[in-house]
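The residues making up each chain are set out below.
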Amino acid sequence: MPEKESIKITEVGPRDGLQNEYKPVSTSDKFEFIRLLGLSGIQCIEATSFVKPGAIPQLSDASVLSEKLNFQSGITYSALAPNKKGYETAIQFGYREIAIFTAASNSFTKKNINKTIQESIEIFLDISKQAVLDKIKVRAYISTVVACPYEGIISPSSVLEVAKQLLDQGVYEISLGETIGVAVPNQVEDLLTTLFGKFSPSLFAGHFHDTYGMAIANAAKSLEMGIRSFDSSAGGLGGCPYAPGAAGNVATEDLVYFLENSGYSTGIDLNKVMDASAFISQKIERNLISKTYLALQSRCESVALS
Ligand code: MG
């Protein structure tokens, strides 16, 4: 049998997911969540963010949490660094991969980080020059790649323009953030056709949100067009700040179920991801809404009853 093609999954639950959860989670519970995620076979975990203390209360323990991580474990832990200071702090803790953040919409970067796209790219230029010297891998997020909550539809050429500048700076992967989860596959196709006219699909990852239940359809379209890297969060952790009560990031369980049953390999044990999801669900005192998580959980319960 031919070997299955493997797909990279970056678990963003501890950072992107928890950032959008209201109930505060203690550092030791975050660490346990990350430990359980690691046991599931996930190889890349975005652990936290080194934003200004107080900017995101849920992530204000970035230093204490990072001190507990074992950077020799074989799992790649990454952290978000909004500026050079955040970058320097992160690498002191042992991170070998940093994520930087911008958007394809000026209104969004202005509201989110109080900078224009261009200003944010200039800050990252500073980080990426240092990262080359330090041999640190830099991954970039571009948010609002299809639509922006303030500007509406974003043209693929705007995304291409930002992507070009980030790739020129030496980022090894761009995560395409469909921040508000409104896109449908045709829009994703238009975006990727524009990007892949200039760049290889291997330079991009899909970061979909399930606000309208389209995340897996969009991941399937991206996969068909050559994307082999996706972001997800356990149980679909995290909501959408622009649509209170709506679903958050695509769930790791849904993505793994889809990929593994479509003939790809993720190296991830679904049942073990569910252990991590069940744990964090208790801590945030909220039921998770991943369809795969719910289906497998109720199957386990009905087997236990019979
Ligand atoms: Mg997200």
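Attention in this report is confined to the structure presented alongside it. In this text the structure is predicted, and so the values were computed from the model without any measurement.

## A word on the layout of surface pockets
Space inside the largest pocket adds up to approximately 1200 Å³. Looking at the largest pocket, it is lined by 48 residues, and the ones nearest its centre are Gln19, Ser49, Val51, Ile56 and Leu80. Tallied by class, residues from the lining of the largest pocket come to 23 nonpolar, 18 polar and 7 charged. In this structure, the second largest pocket occupies an estimated 270 Å³ of space. Residue classes in the lining of the second largest pocket are distributed as 8 nonpolar, 7 polar and 2 charged.

## Concerning the packing of aromatic side chains
Using the criterion set out here, one finds 6 aromatic pairs in the structure. Look at Phe71 and Tyr77: their rings are 5.8 Å apart centre to centre, the planes differ by 85°, and that puts the pair in the edge-to-face class. Residue classification places Tyr77 among the buried residues on the basis of a relative accessible area of 8%. With centroids separated by 6.4 Å and ring planes inclined at 35°, the aromatic side chains of Phe108 and Tyr150 adopt a geometry described as tilted. Here Tyr150 lies in the loop between strand S7 (147-148) and strand S8 (152-153) and Phe108 lies in helix H5 (residues 106-113), a separation of 42 residues in the sequence. The structure contains a cluster of three or more aromatic residues connected by ring pairs, namely Phe50, Phe71, Tyr77, Phe93 and Tyr95. Positioned over the ring face of Phe31 is Lys68, at 5.3 Å from the centre of the ring. Looking at Lys111, its charged tip hangs above the ring of Tyr150, at a distance of 5.0 Å from the centre.

## A look at the sheet that holds strand S3 (residues 44-49)
The 8 strands are arranged S2-S3-S4-S5-S6-S9-S10-S11 in a closed barrel whose pairing can be described as parallel. The sheet shows a mean angle of 25° between the axes of neighbouring strands, taken without regard to direction. Relative to strand S11 (residues 229-232), strand S10 (residues 204-208) runs parallel, the two being bridged by 2 bridges. Paired with His207 across the bridge in S11 is Asp231. In this fold helix H6 (residues 117-134) packs onto strand S5 (97-103) and strand S6 (137-143), with an angle of close to 165° to the strand it touches most, S5.

What counts, and where the lines are drawn
- Residues numbered from 1 in each chain as written.
- Predicted model: local features only at pLDDT ≥ 70, side-chain atom pairs only at ≥ 80, totals over all residues.
- Heavy atoms only, no water.
- 1 Å grid on protein atoms, 1.4 Å probe; cavity = no way out; pocket = protein on both sides within 12 Å on 5 of 7 lines; lining within 4 Å.
- Points joined across faces, edges and corners; volume = space filled by probe spheres on them.
- Nonpolar A, V, L, I, M, F, W, Y, C, P; charged D, E, K, R; others polar.
- Phe/Tyr/Trp six-rings, centres within 6.5 Å; stacked < 30°, edge-to-face > 60°.
- Buried < 20%, exposed > 50% of the residue type's maximum accessible area, 1.4 Å probe, protein only.
- Helix = DSSP H or I, 4+ residues; strand = E, 2+ residues; numbered from the N terminus.
- Lys NZ or Arg CZ within 6 Å of the ring centre and 35° of its normal.
- Pairing = 2+ DSSP bridges.
- Axes fitted to C-alpha atoms, helices over the stretch in contact; angles between N-to-C directions.
- Contact = heavy atoms within 4.5 Å.

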